[in-house]
There are 2 protein chains.
Amino acid sequence: MSDSSLSRRRAIALAGVGVAGVTGAAAIGSALVKGSAGDTTPHPVEGAVAFTGEHQAGIVTPAQDRLHFVAFDVITKDRERLIGLLKDWTAAAARMTAGRDAGEIGAVGGVPEAPPDDTGEALGLPPSGLTITVGFGPTLFRDATGKDRFGLAAKRPPALDDLPHFPGDVLDDSLSGGDLCVQACANDPQVAVHAIRNLARIGMGVVSVRWSQLGFGRTSSTSTTQTTARNLFGFKDGTANLKLEETDLLREHLWVQPGDGPDWMTGGSYLVSRKIRMIVETWDRSSLAEQEMIVGRQKGTGAPLGKSGEFEEPDLEAKGADGEPLLALRSHVRLAHPTTNGGARLLRRGYNFVDGSDGLGRLDAGLFFIAFQRDPRKQFVPIQRSLSRQDEMNEYLKPVSLGLFACPPGVSGPDDFWGRALFI
Amino acid sequence: MSDSSLSRRRAIALAGVGVAGVTGAAAIGSALVKGSAGDTTPHPVEGAVAFTGEHQAGIVTPAQDRLHFVAFDVITKDRERLIGLLKDWTAAAARMTAGRDAGEIGAVGGVPEAPPDDTGEALGLPPSGLTITVGFGPTLFRDATGKDRFGLAAKRPPALDDLPHFPGDVLDDSLSGGDLCVQACANDPQVAVHAIRNLARIGMGVVSVRWSQLGFGRTSSTSTTQTTARNLFGFKDGTANLKLEETDLLREHLWVQPGDGPDWMTGGSYLVSRKIRMIVETWDRSSLAEQEMIVGRQKGTGAPLGKSGEFEEPDLEAKGADGEPLLALRSHVRLAHPTTNGGARLLRRGYNFVDGSDGLGRLDAGLFFIAFQRDPRKQFVPIQRSLSRQDEMNEYLKPVSLGLFACPPGVSGPDDFWGRALFI
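Residues numbered from 1 in each chain as written. Chains lettered and ligands numbered in written order. Predicted model: local features only at pLDDT ≥ 70, side-chain atom pairs only at ≥ 80, totals over all residues. Heavy atoms only, no water.

All right, on to the packing of aromatic side chains then. Residues and elements named next belong to chain B. Taken as a whole and assessed by the stated rule, the structure comprises 30 aromatic pairs over all chains. On the numbers, 6.1 Å between centres and 75° between planes, the contact of Phe-235 with Trp-283 is edge-to-face. One end of the pair, Phe-235, is in the loop between strand S4 (207–216) and helix H5 (247–253); the other, Trp-283, is in helix H6 (residues 280–283), with 48 residues separating them in the sequence. What makes Phe-235 buried here is its relative accessible area of 2%. Note on Trp-283: relative accessible area 0%, which makes it buried. Taking the centre distance of 5.9 Å and the plane angle of 45° together, the rings of Phe-369 and Phe-380 count as tilted. (Phe/Tyr/Trp six-rings, centres within 6.5 Å; stacked < 30°, edge-to-face > 60°. Helix = DSSP H or I, 4+ residues; strand = E, 2+ residues; numbered from the N terminus. Buried < 20%, exposed > 50% of the residue type's maximum accessible area, 1.4 Å probe, protein only.)

Take a look at the structure:
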């Protein structure tokens, strides 16, 4: 347990003296935990992930088990208020990822006559590997009419182009897009929810929740130290994911490099979110052989068809006894494979979801897909074009939400804030 | 790790030999784990909870961290098919709570030409404390027109009366009621979701999902070995809950006793579910003193106002310096206290939820309340009547769903099934 995680607990003990309380967390010192957010070592399940660093945490951080993702509309026209919010969010995120209250007077400190500046539901819980990752949507730079809302249009990266329409998408506009996004990942959902809720609370009057998604059962490992988890089709998902240990590949495929676009994004990455309803009832009625043909992998081991190990390379040329390709031409593995997409790769960080039922007697379940990349025009877009046109799996999928966000580089220290180089 | 939890893992290893696979889990022996479902010892986070016993597991079982709750409509008119489903569900639940596949040909065993009889997303995961608890709704015994659907009307317990309307409730009928309910609790949401999904799959053509709810962050401990968790108002919730160690109180308040009603319910308990949206944005703007006045407890320690320890009894008679009651007359603690309700007590087992956003810029968050009891007419109904009329907290609450279910006693062994005494 880190020092910082003790703080939230200590605040409670201090608060035990009565309603009048004490100033609690206010006295506990600097909120920023120093360290490398490069995250080259897995964190303990309950521990803290460093907040500051060259890159934002929550991208290559070994994928935590739970997600709360939210997209906000900015409802102010005041650039200074937006900047103020980003400063406040940065300070609160630094505290919360260290296991502290969102603000200095905490949930139980301060004066009884004032609302606490933390909502309290994470009191007593450890940091739980919480990461908070922020991104800026295309509409922050100019609205649908082309209006430059905050004087940012000239700094809009070309890679933050609106995404094209993909065949088969039935997007719900109220669940898509957004001016800002926040991805909170943690090993305890209460900690992830607490983080998002407090950022929403801090943003009152400046931002409004546009949509929000909870997820569980990370479906992509982002480190070679993690086992590959399963999606709701029952298959291992993300076997061929980019991993934090592959630093050369990360430079090539994940992190925005100098000269890629406006300087403020160097060290950042582009996030594509995509909520994909899975028609699991139909899937469950298909045979094992059909499922494996569609995916192109064995259900049990996750090995590509014709191979025996999960991490063996699929053989796109191999043919079966019948002379047909062992990996069907429209199998998911073939269509998503880098060799089919000019070498393009993604760092995926998706989560399973179940959002109750659909009113038609079925569970409303699926995958909340998140992918990070250096340039979506060269990565997500061509891969998804190929998948949405040909993937046999599409029969069982219904994509309902799409989002694109530019995640700036990491925060360097107490005087820095998310997006500083964009605004200053 | 128990033997049974190894089975799911072993099935995978076996399946590694290729698509044709092996019969896998079929050979791994009896599915029923013997043991006392009285659950008098806390289970390890990843371990298995005994399925058979005098009472159903998942009631006094130390509350696991995650919930998937589902209500089904029975869509067949055939009594035998309904009985067949309950038999199939019992067998599948016995397997899954032991960490196995839902059926004998598993996710990756059997013949490639057939759909697997497990959906696979829990492959490789341990039992994770999974419990599956089944209940029968009033509409199973007679429909809205009074029709006896399955020849059960004469066996309907008087305690399974339709619940009255409570002031302030804005119930969504499509999220309320149900002929059957299944509560799956586990320490891994993927395991809880897997259980519900497979029961829904097995029930295809017999039942249809009416509504479904995920929850996290158990808000009521059910054992003295557990710490009290916090609800989304940031307060400890369920401090005064019935606990599994209080066997005399459980007999008095929780388990249906001989002579209480029809024999088939002896050893069972009545479940009330209630989805309560919390208007957290408004709550978060109220002062700490106001919040503590409304709840009647300190936010930090959970102690009743005027006391210093969480588990101290609230003093309903105490007055403050101003001569007013220390615990406000309309405070939650006072209104819910047994002495205010003729001694009535509940075993609560609620969970927090966040279901995305509400379309008005706010999180759709709250408490999915679950309470078990011997007779709702004497327990939930009078307590809720008092709360719904007077509780200061109502200003921040919007109850949208209500359900009542008779949970039969536990399954005794391989030849028994849920509700056997009701049908035979």
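This part covers the nonpolar core. In a soluble, globular protein the nonpolar side chains are often hidden away together inside. Formed by 158 residues in total, the largest nonpolar core has its most connected members in Trp-89 of chain A together with Trp-89 of chain B. Residue contacts for Trp-89 of chain B: discarding those within four places in its chain leaves Phe-72, Leu-180, Val-182, Leu-199, Ile-202, Gly-203, Val-207 and Trp-418 of chain B. (Core = buried A, V, L, I, M, F, W, Y, C linked by side-chain atoms within 4.5 Å. Contact = heavy atoms within 4.5 Å.)

Here we come to the environment of Arg-420 of chain A. Structurally, the position occupied by Arg-420 of chain A is in helix H10 (residues 420–423). Between the alpha carbons of Arg-420 of chain A and Ile-83 of chain A there is a distance of 8.2 Å; along the sequence they are 337 residues apart.

On to the packing of helix H2 (residues 79–97) of chain B against helix H4 (residues 189–202) of chain B. Helix packing for two helices is described by the angle between their axes and how far apart those axes are. Residues and elements named next belong to chain B. Two numbers describe how H2 lies on H4: the axes approach to 10 Å, and their chain directions differ by 155°. Relative to H4, H2 is oriented roughly antiparallel. Crossing of H2 against H4: the hand is right-handed. Residues Leu-85, Asp-88, Trp-89, Ala-92 and Met-96 of H2 form the contact with H4, whose participating residues are His-194, Ala-195, Asn-198, Leu-199 and Ile-202. Of the residues assigned to the contact of H2 with H4, the class counts are 7 nonpolar, 2 polar and 1 charged. (Axes fitted to C-alpha atoms, helices over the stretch in contact; angles between N-to-C directions. Parallel < 35°, antiparallel > 145°, perpendicular 65-115°, else oblique. Left-handed = near helix turned anticlockwise from the far one by under 90°. Nonpolar A, V, L, I, M, F, W, Y, C, P; charged D, E, K, R; others polar.)

This paragraph deals with the UniProt feature "domain: Dyp-type peroxidase N-terminal" (unreviewed entry) in chain A. Summarizing the sequence annotation, UniProt attributes the feature "domain: Dyp-type peroxidase N-terminal" (unreviewed entry) to residues 56–216 of chain A in the numbering used throughout. The distance separating the terminal C-alpha atoms of residues 56–216 of chain A is 21 Å; by composition the span is 23% helix and 20% strand. (UniProt positions renumbered as here; feature names shortened; annotations may be inferred.)

Here the focus is empty space enclosed by the protein. Here the idea is plain: a probe the size of a water molecule rolls over the atoms and shows the empty space left. All names here are of chain B. Applying the stated criterion across every chain yields a total of 6 cavities of 30 Å³ or more. In this model, the largest cavity occupies a volume close to 60 Å³. Every residue lining the largest cavity is listed: Ala-159, Val-256, Asp-260, Gly-261, Pro-262, Met-265, Tyr-270, Arg-374, Asp-375 and Arg-377. Counted by class, the lining of the largest cavity contains 5 nonpolar, 1 polar and 4 charged residues. (1 Å grid on protein atoms, 1.4 Å probe; cavity = no way out; pocket = protein on both sides within 12 Å on 5 of 7 lines; lining within 4 Å. Points joined across faces, edges and corners; volume = space filled by probe spheres on them.)

For the coordinates displayed, the defined rule picks out 36 salt bridges over all chains. Here the salt bridges do not stand alone but share partners, grouping Arg-277, Asp-358, Arg-362 and Asp-364 of chain A into one network. (Salt bridge = Lys/Arg side-chain N within 4 Å of Asp/Glu carboxyl O.)

With that out of the way, let us pick up unusual backbone geometry. Residues and elements named next belong to chain A. Positive phi, close to 60°, is recorded for Ser-128, a residue that is not glycine. As for its position among the elements, Ser-128 is in the loop between helix H2 (79–97) and strand S2 (131–136). For Ser-128, a relative accessible area of 4% corresponds to the buried category.

Taken together, the contact pairs 64 residues of chain B with 64 residues of chain A. For the chain B and chain A pair, buried surface summed over both sides reaches about 4800 Å², with 62% attributable to carbon and sulfur atoms. In this structure, the connection of chain B to chain A is made through 2 salt bridges. Between Asp-284 of chain B and Arg-197 of chain A there is a salt bridge, with its nearest N and O atoms 2.7 Å apart. At the junction of chain B and chain A, the tally comes to 23 residue pairs in polar contact (both at pLDDT 80 or more). Elements with a minimum of two residues in the side of chain B that touches chain A: helix H1 (3–15), strand S1 (66–74), H4, S4, H6, helix H7 (288–295) and strand S7 (351–357) of chain B. Take the side of chain B that touches chain A: its biggest share by element is 7 residues, from S4 of chain B. By residue class, the composition of the side of chain B that touches chain A is 26 nonpolar, 23 polar and 15 charged. (Buried area = accessible area lost by both parts, 1.4 Å probe. Polar contact = N/O pair within 3.5 Å; in protein donor to acceptor, adjacent residues only side chain to side chain.)

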